[in-house]
Protein chains: 2
Amino acid sequence: MDTSVPVRAAYAADQGPVLDYAEPLAVVWAKGIEGVQAVLRWASETGTAVVARGAGTGVSGGAHATAGCIVLSLERMNRILELNPLDEVAVVEPGVVNADLNAAAAEHGLMYAPDPASYRISTIGGNVATNAGGLRCAKYGVTRDSVLALDVVLADGTLIRTGQRTFKGVAGYDLTGLFTGSEGTLGIVVGITVRLRYLPVRTCTIAAFFPDVPTAASGVLAVGTARVQPAIMELLDGATLAALDAAHGSALAARGNALLLIQTDGFGAAAEADVVREVLAGLGGTVSTEGSVEAERLVDLRRHSRGSGLAEQLRVGEDVAVPRSALVGYVAELERMAAAHRVGLRVVAHAGDGNLHPTFWVGTAEGGGQQRLDAALDESIAVALSLGGTITGEHGVGQYKLRWLPAEQQEEVLVLQRRLKSLFDPAGILNPGKAIPGV
Amino acid sequence: MDTSVPVRAAYAADQGPVLDYAEPLAVVWAKGIEGVQAVLRWASETGTAVVARGAGTGVSGGAHATAGCIVLSLERMNRILELNPLDEVAVVEPGVVNADLNAAAAEHGLMYAPDPASYRISTIGGNVATNAGGLRCAKYGVTRDSVLALDVVLADGTLIRTGQRTFKGVAGYDLTGLFTGSEGTLGIVVGITVRLRYLPVRTCTIAAFFPDVPTAASGVLAVGTARVQPAIMELLDGATLAALDAAHGSALAARGNALLLIQTDGFGAAAEADVVREVLAGLGGTVSTEGSVEAERLVDLRRHSRGSGLAEQLRVGEDVAVPRSALVGYVAELERMAAAHRVGLRVVAHAGDGNLHPTFWVGTAEGGGQQRLDAALDESIAVALSLGGTITGEHGVGQYKLRWLPAEQQEEVLVLQRRLKSLFDPAGILNPGKAIPGV
């Protein structure tokens, strides 16, 4: 336990926007399940709020401290307890870093599929807490689709095991799904049994530059019509290309106003890549040739393209998802909003599953910048919802998106969720003020 | 509504074993959401139990009538409300038959992946209620993995919408997952938004006969080690082959004591099939050649291999799942049990995901047959659990498996589930006596 000022400050917030800054009373590092149980028993007795935290890489403020809370860090519970290549199953503690699990799995020709952009630093526990997505989701699913079973410490310190070790299992209600994505508000995940998948025997990467975003987006749909299922299908707009150029000295923006990055994998990777290149060239794309090293480098750049920005900018990255056919229209709407509210805009999208990360920004020196930024954000959410979308595809609601949830979900659903929260956490000590509004 | 004797008898049970026969007071066919709401409002006011039912093809007794209940049939709510090929999404009423949705999707080069053996007659609503599996699960996931959003009528008649239309979405707790597989005990699903997937451009089918089950099971693991992900990987034991021979006049049993049926699909189908043939031949399998028409016919036979049996037999089909590495040992245990309890045994397995369907039988004329059958069943469940397995991979708990659930799940988990049931259905009118014990 540490109650020093610098540590309390270091654990006050994750990487999400802070609406209501608070420092924890103390930071506690759990070393095992019994420690977590002891903390929760104590917290229940004293009515102390507990904010669980992995690596603190979340971007919705799900791990922000709240007034009077303690932060319970699980980063030191970082052992891979089992990796069984025949069962294609691994059992890990919550503090295991996503990339470390993947490295261990790769030794057996396996992978852990969910790959949030933060995979090099984020923990499996945090990935479970937010039901994290990533680049490979369109083909391999999100975190929930790879979680078989959970060990969870409930608010009163009781340890339970949900789910099963087998790939299939329908005994009882789906508690595993209920805890996954619940952002530490229903219980603390202290053990995770995941399904691994075969590491693809081959991957092929294609980069295609287009004159504009609508044409690139039509490429996304055309690849689908050709019945190709890419592992990765990323769309970057012209402003993102310009930002990459500024950061890396490249000259991407000169080659088009939109870039589609596609990776196929498995035994059919080369055949799928051939079809993708033909389809995209037919739409007027400038398509990389087979085995392009540059295309692979661009995917790597893309994985790290959201964080970049200038110190003198206020910026907010969004995480909406829309039905795939609405991609083109939604990007056009975003551009209209940016102009109307006089804010900067760049867009990257996991286009294969309609999940967009628009970033809006204003100069910090500009008067009224924050208000214009907020207005643009609010409108971007409203329009995504009007198109049949969601306020969060993969980042979670956390603290930051609470205000938008009632625009997506009807009051009757919010009532049910509050009652679920009360059922699991009657005293409201687990990560209060996160995930669902009004508790 | 129909209260006639023959109709009440026809809707008294699904295809699962009957432990506690009861006929409903009446059968009501809903024609739309408002009708379902009206029934539930009336049932809430009068305290009448409501058993929702699709095609009645379940095999765990999840749709068995209970004393004093009405059966609410959703089979006439059978419209495909929307099929959007660009979004790869369909919206259906619960009574749509799985095969009908697949036929409609195929016109657009798409499929609805979950394929329970009953797909030609079972409904999507029933598939959702049981979180149904099928043959293609190892590659494409179970029903839950294809359900994006649900329209649900709660016990008091309130209509809610869970989930989202997009492939990704993490807003709020996972109510969609909670209702999926809840067997009509938490609410009545009246609308389902599903994700479709690309219809594979090609499929390749391989049949491999082996001298015994252990060698065939080692083939399952060897295919995995070669990093091939088949769409279908079915294991049939010698007794199943003999049963098929008796039913169809074939001569399969003479060719081996175990058959592995594997289907690869997609752009890599042929390359994967080449690897599979090489791997299985290397283990001593007698492997079908490329493009074998017989192999395809055998997959078709397999889809219909469980129901066969003689009228003078008492038999029960099981549905356990074990970790894949335990397949061999578990089948050996099953054979030992069958001998010890003097019951017949045949085994088919969705071997790719460790989901086995052993069938035990005795002659009806034998004294004490039912007792021996029950003893074998109980032991088969206990051993599956001891190997890290589950009592139900894909059929659901229903009424029939209630007695085994406490052997799999700890009391604290059962308590949580009872409290969830009370939260959604405080008066206990929704399919009482199903899915979780003690409510």
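Looking up chain A in an unreviewed UniProt entry gives the name FAD-binding protein, with the organism given as Arthrobacter zhangbolii. Comment text from UniProt for chain A, heading Cofactor (unreviewed entry), reads "FAD".

Let us look at the pairing of strand β3 (residues 70-73) of chain A. Residues and elements named next belong to chain A. Across the two faces of β3 the burial is the same, with Ile70 and Leu72 and Val71 and Ser73 all buried. The pairing of strand β1 (residues 26-29) with β3 spans four bridges and is parallel. The residue bridging Trp29 from the neighbouring strand is Ser73, located in β3. Two strands pair when backbone bridges link them, and strand β2 (residues 50-53) and β3 are joined in this way by four bridges, in the parallel orientation. Bridging from a neighbouring strand, Val51 pairs with Val71 of β3.

Formed by 164 residues in total, the largest nonpolar core has its most connected members in Phe424 of chain A together with Phe424 of chain B. Those residues in contact with Phe424 of chain B, other than ones at most four positions away along the chain, are Leu416 and Leu420 of chain A together with Leu154, Ala155, Leu175, Leu178, Phe179 and Leu186 of chain B.

Another point: the sheet that holds strand β9 (residues 188-195) of chain B. Residues and elements named next belong to chain B. Overall, antiparallel pairing links the five strands, which are arranged β4-β5-β9-β7-β8 in an open sheet. Edge positions in the sheet fall to β4 (80-84) and β8 (159-163), since each of these pairs with one other strand and no more. Neighbour-to-neighbour, the strand axes of this sheet turn through a mean angle of 10°, independent of strand direction. Relative to β9, strand β7 (residues 147-153) is paired through six bridges, and the arrangement is antiparallel. Bridging across to β9, Asp151 finds its partner in Gly191.

Let us now look at the relation of the copies chain B and chain A. Between chain B and chain A, which share one sequence, the superposing operator has a rotation angle of 180° and an axial displacement of 0.0 Å; the RMSD is 0.0 Å. The operation mapping one copy onto its partner corresponds to a two-fold rotation axis. Closest to the rotation axis within chain B is the C-alpha of Gly268 of chain B, separated from it by 1.7 Å. Interface overlap between copies is the fraction of interface residues in one copy that are interface residues in the other; for chain B against chain A it reaches 100%, indicating a shared surface.

Turning next to the UniProt feature "domain: FAD-binding PCMH-type" (unreviewed entry) in chain A. Per the UniProt record, the feature "domain: FAD-binding PCMH-type" (unreviewed entry) sits at residues 20-199 of chain A. For residues 20-199 of chain A, the helix share is 22%, the strand share is 25%, and the end-to-end C-alpha distance is 43 Å.

Here the focus is the packing of aromatic side chains. Tallying each qualifying case throughout the model produces six aromatic pairs over all chains. Taking 5.7 Å as the distance between ring centres and 85° as the angle between the ring planes, the aromatic pair formed by Tyr400 of chain A and Trp404 of chain A counts as edge-to-face. Seen from the ring of Tyr400 of chain A, Arg403 of chain A lies directly overhead, with NZ or CZ sitting 4.8 Å from the centre. For the cation-ring pair, Arg403 of chain B lies above Trp404 of chain B, with the distance from its terminal atom to the ring centre recorded as 4.1 Å.

A few words now on the packing of helix α11 (residues 327-340) of chain B against helix α12 (residues 369-386) of chain B. Residue and element names in this part refer to chain B. Direction vectors running N to C along α11 and α12 enclose 155°, while the axes themselves pass 10 Å from each other. Put simply, α11 runs roughly antiparallel to α12. Here α11 and α12 pass one another in a crossing that is right-handed. Two secondary-structure elements touch here, α11 through Tyr330, Glu333, Leu334, Arg336 and Met337 and α12 through Ala376, Glu379, Ser380, Ile381, Val383 and Ala384. Residues that form the contact of α11 with α12 fall into these classes: seven nonpolar, one polar and three charged.

Residue and element names in this part refer to chain A. Position of Tyr400 relative to the elements: it lies in the loop between α12 (369-386) and α13 (405-408). Overall, Tyr400 belongs to the buried group, its relative accessible area being 5%. As a C-alpha pair, Tyr400 and Val59 span 341 residues in sequence and 8.6 Å in three-dimensional space. Residue contacts for Tyr400: discarding those within four places in its chain leaves Pro17, Leu19, Ser60, Val316, Glu318 and Leu377.

Let's shift gears to the interface of chain B and chain A. Contacts between the two partners involve 85 residues from chain B and, on the opposite side, 85 residues from chain A. Where chain B abuts chain A, roughly 6700 Å² becomes buried across the two surfaces, and 63% of that area is made up of carbon and sulfur atoms. When the buried area of chain B at its contact with chain A is split by residue, Lys168, Tyr173 and Arg227 of chain B rank highest and sum to 15% of it. Remark: the boundary between chain B and chain A carries six salt bridges. A salt bridge links Glu88 of chain A to Arg324 of chain B, with the nearest nitrogen and oxygen atoms 3.1 Å apart. On inspection of chain B and its partner chain A, the count reaches 36 residue pairs in polar contact (both at pLDDT 80 or more). Put simply, the parts of the chain that give the side of chain B that touches chain A at least two residues each are α5 (137-140), β8, α6 (175-179), α7 (213-225), α9 (269-282), α13 (405-408) and α14 (411-424) of chain B. Examining the composition of the side of chain B that touches chain A, we find that nine residues originate from one element, α14 of chain B, more than from any other. Broken down by class, the residue content of the side of chain B that touches chain A amounts to 36 nonpolar, 31 polar and 18 charged.

Residue and element names in this part refer to chain A. As far as domains go, chain A holds domain 1 (80-198), domain 2 (203-303) and domain 3 (313-396). Computed over C-alpha atoms, the centres of domain 1 and domain 2 are 30 Å apart. On the domain 2 side, the residues contacting the nine residues of domain 1 number eight residues. In total, about 830 Å² of surface goes out of reach between domain 1 and domain 2, with carbon and sulfur atoms giving 48% of it. Viewed at the interface, domain 2 and domain 1 are joined by two salt bridges. Between Asp265 and Lys139 there is a salt bridge, with its nearest N and O atoms 2.6 Å apart. Our count for the domain 1 to domain 2 interface comes out at three residue pairs in polar contact (both at pLDDT 80 or more).

So, about the packing of helix α7 (residues 213-225) of chain A against helix α9 (residues 269-282) of chain A. Residue and element names in this part refer to chain A. Where α7 meets α9, the axes come as close as 9 Å, and the angle between the chain directions of the two elements is 135°. It follows that α7 is oblique to α9 by the angle criterion. Viewed along their axes, α7 and α9 form a crossing whose handedness is right-handed. Across from Gly219, Ala222 and Val223 in α7, the residues of α9 making contact are Val276, Val279 and Leu280. Split by residue class, the contact of α7 with α9 holds five nonpolar, one polar and no charged.

Turning our attention to the side chain of Asp319 of chain A. All names here are of chain A. One can find Asp319 in the loop between β15 (313-317) and β16 (320-321). There is a polar contact of 3.0 Å between the side chain of Asp319 and the backbone nitrogen of Glu394. Each residue touching Asp319, except ones within four places of it in the same chain, is listed here: Asn355, Leu356, His357, Pro358, Ile391, Thr392, Gly393, Glu394, His395, Gly396 and Lys401.

Residue and element names in this part refer to chain B. Of all six residues that make up strand β12 (residues 232-237), six are buried, and the element is covered over most of its length. A two-sided burial pattern is seen for β12, the buried positions comprising Ile232, Glu234 and Leu236 on one face and Met233, Leu235 and Asp237 on the other. Judged from the six bridges that link them, β12 and strand β13 (residues 258-265) form a sheet pairing that is antiparallel. What sits directly across from Met233, in β13, is Ile262. As paired strands, β12 and strand β17 (residues 344-350) are joined by three bridges and run antiparallel to one another. What sits directly across from Leu236, in β17, is Val348.

Moving on, we come to the sheet that holds β2 of chain A. All names here are of chain A. On the basis of which strands lie adjacent, the open sheet formed by three strands has the order β1-β3-β2 and parallel pairing. Both edges of this open sheet fall to β1 and β2, since each of them pairs with a single strand only. Strand-to-strand twist in this sheet, taken as the mean axis angle between neighbours without regard to direction, amounts to 25°.

Conventions adopted
Residues numbered from 1 in each chain as written. Chains lettered and ligands numbered in written order. Predicted model: local features only at pLDDT ≥ 70, side-chain atom pairs only at ≥ 80, totals over all residues. Heavy atoms only, no water. UniProt positions renumbered as here; feature names shortened; annotations may be inferred. Buried < 20%, exposed > 50% of the residue type's maximum accessible area, 1.4 Å probe, protein only. Helix = DSSP H or I, 4+ residues; strand = E, 2+ residues; numbered from the N terminus. Pairing = 2+ DSSP bridges. Core = buried A, V, L, I, M, F, W, Y, C linked by side-chain atoms within 4.5 Å. Contact = heavy atoms within 4.5 Å. Axes fitted to C-alpha atoms, helices over the stretch in contact; angles between N-to-C directions. Least-squares fit on C-alpha atoms with pLDDT ≥ 70 in both. Phe/Tyr/Trp six-rings, centres within 6.5 Å; stacked < 30°, edge-to-face > 60°. Lys NZ or Arg CZ within 6 Å of the ring centre and 35° of its normal. Parallel < 35°, antiparallel > 145°, perpendicular 65-115°, else oblique. Left-handed = near helix turned anticlockwise from the far one by under 90°. Nonpolar A, V, L, I, M, F, W, Y, C, P; charged D, E, K, R; others polar. Buried area = accessible area lost by both parts, 1.4 Å probe. Salt bridge = Lys/Arg side-chain N within 4 Å of Asp/Glu carboxyl O. Polar contact = N/O pair within 3.5 Å; in protein donor to acceptor, adjacent residues only side chain to side chain. Domains from an automatic or database assignment.

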